[in-house]
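Now for the letters of each chain:
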Amino acid sequence: MSHHQPKGVYPALASRINRFPQGAPPSDLLYRILSLLFNEEEAALVALLPLRPFTAAKAARLWKVTEVNAWLVLDTLAERAMLLDVEKEGTVYYVLPPPMAGFFEFSLMRVRSDLDQQALSRLLHQYVNVEDAFVRDLFAGGETQLGRVLVSEPSLADDNAAVVLDYERASEIISTASHLAVGLCYCRHKMGHLGRACRAPLGDCMTLNDVAESLIRHGTARRIDVAEGLDLLQEAWSLNLLQCADNVQQGVNFICNCCSCCCEGLIAVRRLAVSHPLCTTNFLPAVDAHSCSGCGRCADICPIGAMSVVSKHEVDGVPRASGVVNGDICLGCGICVRSCSATAIKLVPRSRRVVTPVNTAHRIVLMAIERGKLQQLIFDTQALFSHRLMAAILGVVLRLPGVKQLMASRQMKSRYLERLLAGRNII
């Protein structure tokens, strides 16, 4: 263990982070990252926080301090975007976001003088892009993914545009958000500190709704209006950047405009052969071999290498080059459609429609079921011995093959479970 953790506060904080479905595998690298983001006193306090949103009064009871003192600590952490704070019906609630999408990104969404962002970038790159454990856990830990791909709307033809739902359109998500903000792209900012910056815009990472409200309040992100948000989206389309959003229908918290060279999800596809680190769209590109010139532009522009050119493909008995799509890894973004000068590619519906969780609570429950962490949500904080015991017992039960199969069924993973847990004040 690193010399940064003489009291063991960072392993304790890592343990708290890993009770959430989106965790971060413990390692010396993680402890060093946490030691840059939290001092030892803060780490010890945050390690005691619940998974569900909480008030300053709740934190004061857990920390055994006055409510005023608890508020001072919470507000300091919110100022650095280590916590998010949201006001609902006159009450301020706090929540510790997961590492990703969460406080890893927030730490690099603006230029800061109170944090060694170059050192942090080096550590994050090593932890996320070089080691395997974090990326595999994040992108291949279950069927329900953190993020989803949004179809490039200019690639839609009239006959399929009508079947795209509002929550599948970046333009509609932006236009209906209660709050909009923009900050630095975490991935490209990090790569910039490593001397590997690309030419894609740095300041185009959009946050929305409750998360945007908190980041705006504390200066982590800049408030924008719908017009500017749509302008940023148009620019991203023109640069063939891929839109990735929160994997929910309601209350989308982020839209990233991803480049293939810096985005950690897209890097994971190529480096680790993770087939779908993001939920795909409901489309696949189809190539008309008779029209295709075999120029290879689609293969060059595909962000994950799902398109290729087969040189010995036969059309009417005549050998010629033609584009081919690998449907097993294709994200369905449609970027290849706009790149085709021969208009030989179009988007067609997938044979099976992709199911998107209703809201964040629904997604968290699904991820917890798939990752064997449902007991952590039910027995949040585990303050009582009886709660710790029941959480341990439930954890063993959930790992039994028959129970895992039942919990993974579509019926158990429906919104009814999310409503049940919300009704019991679990989420």
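Residues numbered from 1 in each chain as written. Predicted model: local features only at pLDDT ≥ 70, side-chain atom pairs only at ≥ 80, totals over all residues. Heavy atoms only, no water.

Student: Help me understand the overall build of the protein chain in this model?
Tutor: Looking only at helices and strands, the protein chain features 21 helices and 12 strands. The buried share of the protein chain, reckoned over its 427 residues, is 54%. Pairs at least 24 apart in sequence give 71% of the contacts found in the protein chain among residues at least 6 apart. Looking at the protein chain as shown, the accessible area adds up to about 18900 Å², and 54% of this sits on carbon and sulfur atoms. (Helix = DSSP H or I, 4+ residues; strand = E, 2+ residues; numbered from the N terminus. Buried < 20%, exposed > 50% of the residue type's maximum accessible area, 1.4 Å probe, protein only. Contact = heavy atoms within 4.5 Å. Areas by Shrake-Rupley, 256 points an atom, 1.4 Å probe, with all protein chains shown as cover.)

Student: Just to check I follow, could you spell out the sheet that holds strand β6 (residues 222–223) for this structure?
Tutor: Within a beta sheet, neighbouring strands are joined by backbone hydrogen bonds and run either parallel or antiparallel to one another. Strand order across the open sheet formed by 6 strands is β3-β7-β8-β5-β4-β6, with antiparallel pairing between neighbours. Looking at which strands have only one partner, the edges of the open sheet turn out to be β3 (147–150) and β6. On the sheet, helix α12 (residues 209–217) packs against β4 (180–183), β5 (205–208) and β6 and is oriented at approximately 110° with respect to β5. (Pairing = 2+ DSSP bridges. Axes fitted to C-alpha atoms, helices over the stretch in contact; angles between N-to-C directions.)

Student: Looking at this structure, how should I read the packing of aromatic side chains?
Tutor: Centre distance and the angle of the planes are the two values used to describe a pair of aromatic rings. Using the criterion set out here, one finds 6 aromatic pairs in the structure. Judged by centre distance (5.2 Å) and plane angle (35°), the rings of Tyr127 and Phe134 are tilted. The class for Tyr127 is buried, based on a relative accessible area of 1%. (Phe/Tyr/Trp six-rings, centres within 6.5 Å; stacked < 30°, edge-to-face > 60°.)

Student: Help me understand the side chain of Thr356, please; the structure alone is not making it clear to me.
Tutor: On the secondary structure map, Thr356 appears in the loop between β12 (345–349) and α17 (360–370). Those residues within four positions of Thr356 in sequence are excluded, and the remaining contacts are Arg148, Tyr167, Asn247, Val248 and Gln249.

Student: What exactly am I supposed to notice about helix α8 (residues 133–140) here?
Tutor: An α-helical turn contains 3.6 residues, so any two residues separated by three or four positions project in the same direction. Burial in α8 covers these residues: Phe134, Val135, Leu138 and Phe139. Seen end-on, α8 carries its buried residues on one side only, within an arc spanning 100°. In the core, the buried residues of α8 are packed alongside α6 (99–106), α7 (117–130) and α14 (264–272). (Arc of directions from axis to C-beta.)

Student: What is the right way to look at the nonpolar core in this model?
Tutor: Inside soluble globular proteins, nonpolar side chains tend to come together where they are buried. Counting 58 residues, the largest nonpolar core has Leu34, Phe38, Phe103, Phe104, Tyr127 and Phe134 as its most contacted members. In terms of residue count, the dominant contributor to this core is helix α2 (residues 28–37) (6 residues). Not counting residues up to four positions away in its chain, the partners in contact with Leu34 are Tyr10, Leu13, Ala14, Ile17 and Phe103. Formed by 31 residues, the second largest nonpolar core is a distinct cluster that contains Cys258, Phe283, Cys292 and Ile329. (Core = buried A, V, L, I, M, F, W, Y, C linked by side-chain atoms within 4.5 Å.)

Student: Would you mind showing me how to read helix α11 (residues 186–193) here?
Tutor: Where burial is concerned, most of α11 is hidden: 6 out of the 8 residues are buried. Listed as buried for α11 are Tyr186, Cys187, Arg188, His189, Lys190 and Met191. Contacts made by the buried residues of α11 are with α6, α7, β8 (254–258) and α14.

Student: Looking at this model, I keep getting lost on the pairing of β3. Mind explaining?
Tutor: Of the two faces of β3, the one carrying Gly147 and Val149 and the one carrying Arg148 and Leu150 are both buried. Here β3 runs beside strand β7 (residues 242–246); their pairing, made up of 4 bridges, is antiparallel. Counterpart to Val149 in the pairing with β7 is Cys244.

Student: How should I be thinking about the side chain of Lys190 in this particular structure?
Tutor: Assignment of secondary structure puts Lys190 in helix α11. When near neighbours in sequence (up to four residues on either side) are disregarded, Lys190 contacts Leu108, Ser121, Leu124, His125, Asn129 and Glu264.

Student: Whenever I open this one, a nonpolar patch on the surface confuses me. Can you help?
Tutor: Judged by side-chain polarity, Val68, Trp71 and Leu72 come together as a nonpolar surface patch covering roughly 300 Å² of accessible area. Tracing the chain through its elements places Leu72 in helix α5 (residues 67–79). Given a relative accessible area of 43%, Leu72 falls into the partly exposed group. (Patch = residues over 30% accessible without salt bridge, like charges linked within 9 Å, V, L, I, M, F, W, Y side chains within 5 Å. Salt bridge = Lys/Arg side-chain N within 4 Å of Asp/Glu carboxyl O.)

Student: Would you explain the confidence of the model for the protein chain in this entry?
Tutor: Reading predicted coordinates in detail is not appropriate for stretches of low pLDDT. Looking at the protein chain, the pLDDT average stands at 86 and 86% of residues meet or exceed 70. Taken as a whole, residues 1–6 scores under 50 in pLDDT and shows 16 contacts with residues more than four places along the chain or in a different chain. (pLDDT = per-residue confidence, 0-100.)

Student: So what exactly am I meant to see when it comes to the pattern of salt bridges here?
Tutor: Pairing between side chains becomes possible if they bear opposite charge and their charged atoms approach one another. Here the structure, examined in full by the defined rule, presents 12 salt bridges. As a salt-bridge pair, Arg188 and Asp204 come within 2.8 Å of each other at their nearest N and O atoms. Of this pair, Arg188 sits in helix α11 while Asp204 is found in the loop between α11 and β5, placing the two residues 16 residues apart along the sequence. The class for Arg188 is buried, based on a relative accessible area of 5%. We classify Asp204 as buried; its relative accessible area is 2%. Put simply, Lys190 and Glu264 hold a salt bridge, and the shortest N to O gap is 3.1 Å. Of this pair, Lys190 sits in helix α11 while Glu264 sits in helix α14, placing them 74 residues apart in sequence. For the residue pair Lys190 and Glu264, the accessibility class agrees, reading buried in each case. One connected set of salt bridges, linked through shared partners, spans Asp85, Glu213 and Arg217.

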